[in-house]
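As a plain string of letters, each chain reads:
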Amino acid sequence: MKQRIVTISREFGSGGRTVGRTLAKELGIPCYDDEILLKTAVESGLAEDFIREHGEYTASNSLLGTIFATRDYQGRSMQDVVWQAQKTVIEKIGHEESCVIVGRCADYILKDIADCLTVFIHASKEFRAHRIVEVYGENETNPMKRLSDKDKRRKNYYQFYTDLEWGQAQHYDICLDSGVFGIERCVEILKELYQK
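Keep in mind the model is a prediction, meaning the values are calculated, not measured.

Overview of the packing of aromatic side chains
Next up, step 1: A complete count under the given rule lists six aromatic pairs for this structure.
Next up, step 2: With a centroid separation of 5.2 Å and an interplanar angle of 80°, the aromatic rings of F120 and W166 are classed as edge-to-face. Taken together, the positions of F120 in strand β4 (residues 115-122) and W166 in the loop between α8 (143-162) and β5 (174-177) put the pair 46 residues apart, joining distant regions of the chain. There is no split in this pair, since F120 and W166 are both buried.
Next up, step 3: By the ring-pair criterion, three or more aromatic residues cluster together here, those being W83, Y157, F160 and Y161.
Next up, step 4: Across from the ring centre of Y108, 3.9 Å away, lies the NZ or CZ of K111, which sits over that ring.
Next up, step 5: Its guanidinium or amino end placed over the ring of F12, K150 lies 4.9 Å from that ring's centre, counting from NZ or CZ.

This is how it looks when you write it as structure tokens:
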């Protein structure tokens, strides 16, 4: 029997990580976010900081820059090496247990491995900008610019490795606006869908 997994893709600052962690706690299943970094480091021998730097974002803000990144003799960039290592860890998790996985193209990686509820969490830029300042204490740079940069890098990463467009509703089972519904209601909706 396939494992039941919730994959959460999210815009930066939308609260997707919080939704994932809260949902997992309420369902009594593990949540993997930064935990994937540690598992990937242990299983691949790569440094955790290196994986954190290359694990969910493109090295460049442009897709073209990602395509032409420095490559080794086998044609792989450092980001490709991390992608493969993380993919292997995510596939292993998908075969072994029901859980929530935040980010890292898990929706795409697990589509044929597990029974996935694929989710995209988004919100208005104003809501997200306010949230990253209030929750994360980020105020060193313009919050709107930070949102734009992070989302662009996530979008490029997702498109580069999945050949799909990140954030497009047709690629997910459900898209939720955390600014409209609130974090708690998003969790309730997903919990109800998971238990059906």
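Read on, since the account is not over.
Brief notes about the packing of helix α2 (residues 34-44) against helix α5 (residues 78-96)
Next up, step 1: Where α2 contacts α5, the axes come no closer than 9 Å and their chain directions differ by 110°. In terms of axis orientation, α2 runs roughly perpendicular to α5. Facing α2, whose interface residues are I36, L37, K39, T40, E43 and S44, α5 presents A85, Q86, V89, I90, K92 and I93.

Details of the nonpolar core
Next up, step 1: Membership of the largest hydrophobic core comes to 22 residues, with the highest contact counts inside it found for I5, I36, I90, I93, I101 and L110.
Next up, step 2: For this core, the secondary-structure elements that each account for two or more residues are α5, β3 (99-102), α6 (106-109), β4 and α8.
Next up, step 3: Every residue in contact with I93, bar those within four places of it in the chain, is listed here: Y32, I36, K39, C99 and I101.
Next up, step 4: Grouped together as the second largest cluster of nonpolar side chains are 21 residues, A24, V100, V102 and V187 included.

Cut-offs and rules
- Residues numbered from 1 in each chain as written.
- Predicted model: local features only at pLDDT ≥ 70, side-chain atom pairs only at ≥ 80, totals over all residues.
- Heavy atoms only, no water.
- Phe/Tyr/Trp six-rings, centres within 6.5 Å; stacked < 30°, edge-to-face > 60°.
- Helix = DSSP H or I, 4+ residues; strand = E, 2+ residues; numbered from the N terminus.
- Buried < 20%, exposed > 50% of the residue type's maximum accessible area, 1.4 Å probe, protein only.
- Lys NZ or Arg CZ within 6 Å of the ring centre and 35° of its normal.
- Axes fitted to C-alpha atoms, helices over the stretch in contact; angles between N-to-C directions.
- Parallel < 35°, antiparallel > 145°, perpendicular 65-115°, else oblique.
- Contact = heavy atoms within 4.5 Å.
- Core = buried A, V, L, I, M, F, W, Y, C linked by side-chain atoms within 4.5 Å.

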